[in-house]
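So you can see what is in the structure, the chains are spelled out below.
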Amino acid sequence: MPKLKIAVLVSGNGSNLQALIDAVDNERILGRIEIVISDRPNAFALQRAEQHGIPSIYIEKKDSPFGSFDLQLMNKLDEIQPDLIILAGFLSILPTELVKKYQSKIINIHPSLIPAFCGKGFYGEKVHKAVIAYGVKITGATVQFVDEGTDTGPIIFQQAVEVSNEDTAETLAKKLLPIEHGLLVKAAALFCQKRLKVEGRRVKIL
Ligand code: GRF
């Protein structure tokens, strides 16, 4: 089976990107990361890409002579023509036109059990702080296809963890990251094997 072309969008440390790079290297994911695109200039994820010889670019959020962020992002992805786009800790909202064009080909990882603690303003540490503040007994991670909403797409996998009374936002983040990595790699691997089938709001594993 030919290797699928993957584009990874990042904003931060890139631990999810690293998990993807490692899974591509050990052929768990039958794909090739063609490009890493960041909306933050100093995202360590860009260094991870460079260390692995993966082309990477930073696209400035504010308008530039090359056009808006959205336009530059669309143009770069049009150039690459990826089969799969993975949002790995990416904090910008994608243009609707992009989501429509790559329908059921964009995967996102979110550090909660959607539909809890998600939507506008719920990302990274803010999610864990809200979980602790609410006092829920379980939380988890969700990997889903991206649709026109925010964290509203069809869910591929979820995995729960217990929240103890001693947990803080920091300990929760640490507990969840390896789970996120596992879910994201599993979803990307199955996508590249063409074993994810979206039927309305449900995702079936073939
Ligand atoms: C993590 O909080 C993760 O939950 C979210 O993005 C944050 C950074 O992830 N998806 P990474 O280390 O940059 O992949």
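For the structure, check the block above.
Overview of the structure. (Residues numbered from 1 in each chain as written. Predicted model: local features only at pLDDT ≥ 70, side-chain atom pairs only at ≥ 80, totals over all residues. Heavy atoms only, no water.)

This paragraph deals with the pattern of salt bridges. Throughout the structure, instances matching the rule amount to nine salt bridges. Asp39 is paired through a salt bridge with Arg40; the nearest N and O atoms lie 3.2 Å apart. Since its relative accessible area comes to 31%, Arg40 is described here as partly exposed. The partner of Glu60 in a salt bridge is Lys62, with the nearest N and O atoms 2.4 Å apart. You can call Lys62 exposed: its relative accessible area is 56%. (Salt bridge = Lys/Arg side-chain N within 4 Å of Asp/Glu carboxyl O. Buried < 20%, exposed > 50% of the residue type's maximum accessible area, 1.4 Å probe, protein only.)

Let us now look at the site of the ligand. Around the ligand, a shell composed of Gly12, Asn13, Gly14, Ser15, Asn16, Ala88, Gly89, Ile109, Pro111, Gly124 and Glu180 is seen. Here an oxygen atom of the ligand sits 2.8 Å away from a polar atom, N or O, in the side chain of Asn16. Glu180 places a side-chain nitrogen or oxygen 2.7 Å from an oxygen atom of the ligand. (Near = heavy atom within 4 Å. Polar contact = N/O pair within 3.5 Å; in protein donor to acceptor, adjacent residues only side chain to side chain.)

Let's shift gears to the packing of helix H1 (residues 15-25) against helix H2 (residues 44-51). One can describe the packing of H1 onto H2 by two numbers: an axis separation of 9 Å at closest approach and a directional angle of 20°. On the basis of their axis angle, the class for H1 and H2 is roughly parallel. Considering the relative orientation of H1 and H2, their crossing is right-handed. Between H1 and H2, the residues in contact are Ser15, Leu17, Gln18 and Ile21 and Ala45, Arg48 and Ala49, respectively. A breakdown of the residues in the contact of H1 with H2 according to their chemical character gives four nonpolar, two polar and one charged. (Axes fitted to C-alpha atoms, helices over the stretch in contact; angles between N-to-C directions. Helix = DSSP H or I, 4+ residues; strand = E, 2+ residues; numbered from the N terminus. Parallel < 35°, antiparallel > 145°, perpendicular 65-115°, else oblique. Left-handed = near helix turned anticlockwise from the far one by under 90°. Contact = heavy atoms within 4.5 Å. Nonpolar A, V, L, I, M, F, W, Y, C, P; charged D, E, K, R; others polar.)

As far as function goes, none of this settles anything; it's purely spatial.
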